[in-house]
Amino acid sequence: MLKDKVVFISGASSGIGEASARRFAAEGAVLLLSARNMAKLEALKAQLEKDYNARVYTYELDVRDKKAIDNVFNSIPEELKNIDILVNNAGLALGLDKVQESDPEDFDIVIDTNIKGLLYLTRRVVPTMMKNQRGHVINMGSLAGVAAYPGGAVYCATKAAVKFISDGLRMDIVDTPIRVTNIQPGMVETNFSVIRFHGDKDKADNVYKGIKPLTAEDIADIVIYAASVPEHVQICEVTVTATHQATGGVVYKK
Ligand code: 8X3
């Protein structure tokens, strides 16, 4: 079903993006992978080629950079420009500080990546999907987009934006066969918290202490499921948490 589908994944060098790339490769999809970290992306490409004999193309990309997005899309081989599935996965949180104490530089990076980057890629890909009358946009939202939590104001706001961009886009293309899915995971143990805490591994580890968090593979399974249901079925939104997480703030830890 996913064999030979052309799948573009942003933020593919680690975490949920990487796990999704692996699952799509196993299904025989053709992968267009983008990330800022080209070394990691190249290592992933080599692995996917070896493990699954996959066709993989890699692109260095910071989704905040509109010009760079243009360059990436201009360099995609002609026959692969008809992207079937766009996984808008690139995103990050920086800091867990009160708004009044946060670094405004972090606001820019998080808002520009999580909201504007996702919009730029979507704007670039959806017209081709419309021309082809097929396609699927899978956005990586978050439980953080369902309700705010202390220290998460800006990150939570960006993920609420991802929810509403997903909902609005679904309306804008309701008369087409293109599907829009927003996946909203709670705690997933990836490098998410290491990045949030600016590389402080101990602080990051502490987030997942005493609870069995979700893994990147758990979320990749949902990505693949949403992409695999029959074409008349649209998984609009999936909220998924570890069993001992109820909301952003209500977590049972042993
Ligand atoms: C990550 C989920 O709850 O740690 O998007 O913010 S949470």
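Scroll up for the structure.
1. Some points on helix α2 (residues 38-52)
With 15 residues, α2 extends 20 Å from end C-alpha to end C-alpha; this agrees with the ideal 21 Å at 1.5 Å per step. Taken as a whole, α2 has its buried residues at Leu-41, Leu-44, Lys-45 and Leu-48. Buried positions in α2, seen along its axis, are confined to an arc of 105° and lie on one side of it. In α2, the exposed positions angled more than 90 degrees off the buried face are occupied by Ala-39 and Lys-50. Buried residues along α2 sit in contact with α1 (15-26), β2 (30-35) and β3 (56-60). Capping the start of α2, Asn-37 holds a side-chain oxygen 3.2 Å from the backbone nitrogen of Ala-39, two or three residues further along.

2. Section: the nonpolar core
In terms of nonpolar packing, the biggest core is built from 41 residues, with Ile-9, Phe-24, Leu-31, Leu-33 and Leu-48 touching the most fellow members. Of all the secondary-structure elements, those providing two or more residues to this core are β1 (6-9), α1, β2, α2, β4 (85-88), β5 (136-140), α8 (216-228) and β7 (237-240). Discounting chain neighbours no more than four positions away, the residues touching Ile-9 are Gly-17, Ser-20, Ala-21, Phe-24, Leu-31, Leu-32, Leu-33, Ser-34, Val-87 and Asn-89. Counting residues in each nonpolar core, the second largest holds 25 residues, with Val-63, Val-72, Leu-86 and Val-180 among its members.

3. Section: the sheet that holds strand β6 (residues 179-185)
Sheet architecture is open: seven strands sit in the order β3-β2-β1-β4-β5-β6-β7, paired in parallel fashion. Looking at which strands have only one partner, the edges of the open sheet turn out to be β3 and β7. Each neighbouring strand pair of the sheet contributes to a mean axis angle of 15°, computed without reference to strand direction. Judged from the five bridges that link them, β5 and β6 form a sheet pairing that is parallel.

4. Here we look at unusual backbone geometry
Backbone geometry places Asn-53, a non-glycine residue, at a positive phi of 55°. Looking at where Asn-53 falls in the secondary structure, it is placed in the loop between α2 and β3. You can call Asn-53 exposed: its relative accessible area is 70%. Positive phi is not limited to glycine here, since His-198 has a value of about 50°. One can find His-198 in the loop between α6 (192-196) and α7 (201-207).

5. Topic: the pairing of β3
Pairing of β2 with β3, which is carried by five bridges, proceeds in the parallel orientation. Opposite Leu-31, over in β3, you have Val-56 as the bridge partner. With α2 bridging β2 and its parallel neighbour β3, the resulting β-α-β unit is right-handed.

6. A few points about the pattern of salt bridges
Per the counting criterion, the structure on display carries 16 salt bridges. A salt bridge links Asp-84 to Arg-134; the nearest nitrogen and oxygen atoms lie 2.4 Å apart. Here Arg-134 lies in the loop between α4 (104-132) and β5 and Asp-84 lies in the loop between α3 (66-75) and β4, a separation of 50 residues in the sequence. Accessibility expressed as a relative area gives 8% for Asp-84, which makes it buried. Its relative accessible area of 35% is what places Arg-134 among the partly exposed residues. The partner of Asp-205 in a salt bridge is Lys-201, with the nearest N and O atoms 3.0 Å apart. In this pair, Asp-205 and Lys-201 both sit in helix α7, four residues apart, roughly one turn of the helix. On the basis of relative accessible area, Lys-201 is assigned to the partly exposed category, the value being 49%. Via salt bridges that share partners, Lys-163, Asp-167, Arg-170 and Glu-237 belong to a single interconnected network.

About the cut-offs
- Residues numbered from 1 in each chain as written.
- Predicted model: local features only at pLDDT ≥ 70, side-chain atom pairs only at ≥ 80, totals over all residues.
- Heavy atoms only, no water.
- Helix = DSSP H or I, 4+ residues; strand = E, 2+ residues; numbered from the N terminus.
- Expected span 1.5 Å × (residues − 1).
- Buried < 20%, exposed > 50% of the residue type's maximum accessible area, 1.4 Å probe, protein only.
- Arc of directions from axis to C-beta.
- Contact = heavy atoms within 4.5 Å.
- Polar contact = N/O pair within 3.5 Å; in protein donor to acceptor, adjacent residues only side chain to side chain.
- Core = buried A, V, L, I, M, F, W, Y, C linked by side-chain atoms within 4.5 Å.
- Pairing = 2+ DSSP bridges.
- Axes fitted to C-alpha atoms, helices over the stretch in contact; angles between N-to-C directions.
- Right-handed = clockwise from strand over helix to strand, strands pointing away.
- Salt bridge = Lys/Arg side-chain N within 4 Å of Asp/Glu carboxyl O.

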